[in-house]
Amino acid sequence: MAASLPSSSSHRTAAVAAFLLTAMMAAAPAAVALLHDDVEPMWGEDHISFHTGGDGVETLALCLDKDHGSGFRSKGSYIFARYDIDLKLVANDSAGTVTTVYLTPDLVPPEDHDEIDMEFLGNVSGEPYTLHTNIFVNGAGNREQQFRLWFDPANDFHTYSVEWNPKHIIMFIDGTPIRAYKNEPSRGVPFPTLRRLRLDGSLWNADDWATQGGRVKTDWTQAPFHAYYRNFRVTPCTPPPGMASCADAPPESLAWFDKGLDAAALRKARAEHLLYDYCEDRNRLKDSGLPKECAAQ
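Given the structure is predicted, the values throughout are model-derived calculations rather than measurements.

1. A few points about the pattern of salt bridges
Stage number 1. Evaluation of the coordinates by the stated rule reveals 13 salt bridges.
Stage number 2. In this structure, Asp277 and Arg270 form a salt bridge, with 3.4 Å as the shortest nitrogen-oxygen distance. The exposure classification of Asp277 matches that of Arg270, with both residues buried.
Stage number 3. Taken together, the shared-partner salt bridges in this structure form one network comprising Glu40, Arg73, Asp106 and Arg198.

Laid out in structure tokens, this is it:
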């Protein structure tokens, strides 16, 4: 016996059901990754808290008071990746405080330590923050560059990023490149290639050097101080065609990684916001000479 055809009322009922299902799916909030799934306290756990806003996005708050500060780290470590995190810095009088985002390996001997630093140096109310950057390779740092931020980083969240691939280390603020450190193996430039790195964040007191060379101290009557982190993302490095990983990329393929660098935007940001570059500090380098990477940039 042949199946009977559905009536027009059945068609209308099915159409209404499909419409309601579509509307419900559209109205349902997208799943949001929770920050506490990706990071863990590293020190000062009693000064760390997580909060979820109405948008479903989880925020981590670090606290600093006269007793101690606090810090966290990513649960995963990576070799060659882009790391992005949104950060809102300490508001009002932040002098003496340092808020950080940096990449570092698990415990290794000092001579094997690599680190990529973005440190935000607090200031007295009304004065701009300074971003202090540094790069350590095989235990050696002293590659400082400093930038004057062109916005109030305590007023809202901004995205701070490090792209680390076999060709460059590039630091970004809201997608604008501010610093690029090149891998130049033919010149003997030190470059981190061997160790997996985690993203760490911290808030601590450094009033012996952080603000105006240590002349301005932390005003503890303003404590507790808070910095806020959210939206941590890691994007693994995309290897050249035909290669399994970026770590396998030979020197002749390094041009593949240039696509992530807007050289004109980098020059403009540095011309407008660079405060200090160790490569240009002739007094500091008069005895040791120009580092190899300075000649390569």
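2. Section: helix 2 (residues 263-273)
An α-helical turn contains 3.6 residues, so a residue and the one three or four places further along point in the same direction.
Stage number 1. By the burial criterion, the buried members of helix 2 are Leu266, Ala269, Arg270 and His273. Here the buried residues of helix 2 occupy an arc of 95° about the axis, which is enough to place them on one side. When the buried face of helix 2 is taken as reference, the exposed residues oriented beyond 90 degrees from it are Arg267 and Ala271.
Stage number 2. Packing partners of the buried residues in helix 2 comprise strand 9 (145-148), strand 12 (176-182) and strand 15 (274-277).
Stage number 3. The backbone nitrogen of Ala264 lies 3.3 Å from a side-chain oxygen of the residue at the head of helix 2, namely Asp262.

3. Digging into the packing of aromatic side chains
Stage number 1. Going through the model one piece at a time under the given rule, you end up with eight aromatic pairs.
Stage number 2. Ring centres of Phe72 and Tyr229 lie 4.8 Å apart, and the angle between their planes is 80°; this geometry places the pair in the edge-to-face category. Pair noted here: Phe72 is in strand 4 (residues 70-74) and Tyr229 is in strand 14 (residues 225-236), with a separation of 157 residues, a long-range link. The exposure classification of Phe72 matches that of Tyr229, with both residues buried.
Stage number 3. Measuring from ring centre to ring centre gives 5.0 Å for Phe80 and Trp164, while their planes differ by 55°; the resulting arrangement is tilted. Note that Phe80 is positioned in the loop between strand 4 and strand 5 (81-88) and Trp164 in strand 10 (residues 158-164), a separation of 84 residues in sequence.
Stage number 4. Among the residues examined, Phe80 registers a relative accessible area of 5% and is labelled buried.
Stage number 5. For Arg82, the ring lying beneath its charged end belongs to Phe172, and the centroid distance is 4.4 Å.

4. Considerations on the sheet that holds strand 10
Stage number 1. Spatial ordering of the open sheet is given by 2-3-14-5-10-11-12, a layout of seven strands whose pairing is antiparallel. Strand pairing shows two members of the sheet lacking a second neighbour, strand 2 (48-52) and strand 12, which therefore form its edges. Going from strand to strand, the sheet's axes swing by 25° on average, the running direction of each strand aside.
Stage number 2. Bridging between strand 2 and strand 3 (residues 58-64) involves five bridges; their strand directions are antiparallel. Paired with Phe50 across the bridge in strand 3 is Leu60.

5. Comments concerning the UniProt feature "glycosylation site" (unreviewed entry) in the protein
Stage number 1. Under the present numbering, the feature "glycosylation site" (unreviewed entry) in UniProt falls on Asn123.
Stage number 2. Of note, Asn123 is situated in the loop between strand 7 (115-121) and strand 8 (130-136).
Stage number 3. Residue classification places Asn123 among the buried residues on the basis of a relative accessible area of 11%.
Stage number 4. Asn123 has contacts with Asn92, Asp93, Ser94, Ala95, Pro128, Thr211 and Gln212, leaving out every residue within four places of it along the chain.

6. A closer look at the state of the cysteines
Stage number 1. One pass over the full model with this rule turns up two disulfides.
Stage number 2. Residue pairing for Cys237: its cysteine sulfur links by disulfide to Cys246, the two sulfurs lying 2.0 Å apart. Disulfide Cys237-Cys246: the torsion about the S-S bond is -90°, which places it as left-handed. For the pair Cys237 and Cys246, one class covers both residues: buried.
Stage number 3. Within the protein, bonded cysteines paired by disulfides and numbered along the sequence follow the pattern 1-2, 3-4.

7. Observations regarding the sheet that holds strand 8
Sheet strands pair by backbone hydrogen bonding; their relative direction is either parallel or antiparallel.
Stage number 1. Spatial ordering of the open sheet is given by 1-4-13-6-7-8-9-15, a layout of eight strands whose pairing is antiparallel. Each edge of the open sheet is held by one strand with a lone partner, namely strand 1 (39-43) and strand 15. In this sheet, adjacent strand axes meet at a mean angle of 20° when their direction is disregarded.
Stage number 2. Across the sheet, helix 2 lies against strand 9 and strand 15, angled at about 90° from strand 15, the strand it touches most.

8. Quick word on the nonpolar core
Stage number 1. Counting 52 residues, the largest nonpolar core has Phe120 and Tyr229 as its most contacted members.
Stage number 2. Each residue touching Phe120, except ones within four places of it in the same chain, is listed here: Leu87, Leu89, Thr97, Val98, Thr99, Tyr129, Thr130, Leu131, Leu149 and Tyr160.

Analysis parameters
- Residues numbered from 1 in each chain as written.
- Predicted model: local features only at pLDDT ≥ 70, side-chain atom pairs only at ≥ 80, totals over all residues.
- Heavy atoms only, no water.
- Salt bridge = Lys/Arg side-chain N within 4 Å of Asp/Glu carboxyl O.
- Buried < 20%, exposed > 50% of the residue type's maximum accessible area, 1.4 Å probe, protein only.
- Helix = DSSP H or I, 4+ residues; strand = E, 2+ residues; numbered from the N terminus.
- Arc of directions from axis to C-beta.
- Contact = heavy atoms within 4.5 Å.
- Polar contact = N/O pair within 3.5 Å; in protein donor to acceptor, adjacent residues only side chain to side chain.
- Phe/Tyr/Trp six-rings, centres within 6.5 Å; stacked < 30°, edge-to-face > 60°.
- Lys NZ or Arg CZ within 6 Å of the ring centre and 35° of its normal.
- Pairing = 2+ DSSP bridges.
- Axes fitted to C-alpha atoms, helices over the stretch in contact; angles between N-to-C directions.
- UniProt positions renumbered as here; feature names shortened; annotations may be inferred.
- Disulfide = S-S within 2.5 Å.
- Core = buried A, V, L, I, M, F, W, Y, C linked by side-chain atoms within 4.5 Å.

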